[in-house]
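Commentary on secondary and tertiary structure
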Amino acid sequence: MNENRPIRATSGTNHEGTSAHNRRVIIDALRLNGALSRADLARATRLTKQTVSNIMEELESDGLVTSQETVRRGRGQPSTPYGLVPEGAFAIGLQIDRHITRAIAVDLVGNVLIRKEANLPAGGPTTGTPVVLQLVEDVRNELKQRVAQAEKRLVGLGAAMPGPFGIEQDDTDNPWMMGPWQRFPLLETLSAGTGLNVTLQNDAAACATAERMVGAAHGLDHAVCLYVGYGIGAGLILGGELYSGAHGNAGEIGMALLTAGGRLTQLEHRASLASLYDHLGVDPMAPDLYSLIDKRAAADDPDILAWIERAAIDLRWSVQLIETIFDPQTVILCGGAPAALATRLIAAMQPLLPSNADRPDRLLPRLQLGMTDPWAVARGAAAEPIGHAFDPRFQAILKS
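Attention shifts here to the overall build of the chain. The helix and strand inventory of the chain stands at 13 helices and 14 strands. C-alpha atoms of the chain, sized along the principal axes, occupy 70 × 60 × 55 Å. When burial is assessed residue by residue, the chain has 50% of its 400 residues classed as buried. Across the chain, every contact between residues at least 6 apart in sequence was considered, and the portion connecting residues at least 24 apart equals 67%. Carbon and sulfur atoms form 50% of the exposed surface of the chain, whose accessible area is close to 19500 Å². Looking at the chain, you have 36 positive and 44 negative side-chain charges, and the mean spots of the two groups are 7 Å apart.

Note that Ser37 resides in the loop between α1 (15-33) and α2 (38-45). If we ignore the near neighbours within four places in the chain, the residues touching Ser37 are Ser79, Thr80 and Pro81.

Time to look at the sheet that holds strand β7 (residues 198-202). The strand order across the open sheet formed by 5 strands is β5-β4-β3-β6-β7, and the pairing between neighbours is mixed. In the strand order of this sheet, the two ends are held by β5 (112-119) and β7, each with one partner. Here the average twist between neighbouring strands, direction ignored, is 15 degrees. As judged from the 7 bridges shared by strand β3 (residues 90-96) and strand β4 (residues 100-107), these two strands associate in the antiparallel manner. Note that in β4 the partner of Gln95 across the bridge is Arg102. The strands touched by helix α13 (residues 376-390) within the sheet are β3, β4, β5, β6 (154-161) and β7, with β3 carrying the most contacts at an inclination of about 140 degrees.

With that settled, consider the environment of Asp391. For Asp391, the position within the fold is in the segment after α13. Sequence-distant contacts of Asp391, defined by excluding residues within four places in its chain, comprise Arg24, Asp28, Arg31, Arg212 and Ile386. Side chain to side chain, Asp391 and Arg212 meet in a polar contact 3.1 Å long.

Parameters and conventions
- Residues numbered from 1 in each chain as written.
- Predicted model: local features only at pLDDT ≥ 70, side-chain atom pairs only at ≥ 80, totals over all residues.
- Heavy atoms only, no water.
- Helix = DSSP H or I, 4+ residues; strand = E, 2+ residues; numbered from the N terminus.
- Buried < 20%, exposed > 50% of the residue type's maximum accessible area, 1.4 Å probe, protein only.
- Contact = heavy atoms within 4.5 Å.
- Areas by Shrake-Rupley, 256 points an atom, 1.4 Å probe, with all protein chains shown as cover.
- Lys, Arg positive; Asp, Glu negative; His and termini not counted.
- Charge placed at Lys NZ, Arg CZ, Asp CG, Glu CD.
- Pairing = 2+ DSSP bridges.
- Axes fitted to C-alpha atoms, helices over the stretch in contact; angles between N-to-C directions.
- Polar contact = N/O pair within 3.5 Å; in protein donor to acceptor, adjacent residues only side chain to side chain.

Dropping the structure here:
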């Protein structure tokens, strides 16, 4: 027998892995429900009261939970609710986009503490990396100045940027792609430059992470976030976890090919904000572009309404495809589109195409509005290290 042949198997766990998982389960329950008593946690998690008590003592000692004022319910024994301590952990999120980079600091429950942005110079990673590292350092220094023990409780740096990652592409003159950045060893560079644990995801996945932590996907196990930004993507929350695929490119729906005028065209060339900018003849780097588009959409600008009518056709098809493949509880339209534009876009997508999501027992709408915030990607990038450290994930219990 060849002892060196590869053998496929899932990694097992041990007592330490099980204990760590139970800690994450408790933290997740408090994040989803707010303050709960030990008895409430034992019933909800199906852990023994003794196990819950032991974990709560550990978490309280670690500064992650704190007891609140005792409450009395009827004639029973008074109970003491416990809640998460926002200052129990911090993370920094970084967005790298085609023309701009943003950095943001959040606490354990997703509150935004600091945010900064800078223009990205031309030249790709060679000229852009120093700008990115300095921006992260500026946020980190301000966090240390504002919050005692912040550096000690900083769990990592999350980075997000447009995909797809690691594919061969002729992008020399293609403004849609960020090929040099996508092929650049960003994780290694950021880790070496900051000394932090670094995670990387595409911008749609980051936006979904933000929605799951503090937005419309909070508490949902099956949701797909249709991200409309400079490009288009889909952030996949499946079985309570974010699904990234084999190479981090799951949900790159913007690259789906459509037939238009007798030729194949990518979806994001027809229904993204970049296509809107091109339609309006505006510079994507123009100052106050977000508020300008918001005002024009709110005023029912005819040029914007014409773009919405065309984009809604393709996005309506996208929702039907997402529902057919993933069977989510809901589809959430989110991203960097201003609220007035996103609201009109959702209205124009009605009625949605028939799909297996047309169920009489639905509790949520098939399509709903999520975050309309240019900082949503950076916020989701920051939420990922928090989730990596504290969310109950299957990978977290493996020996690997």
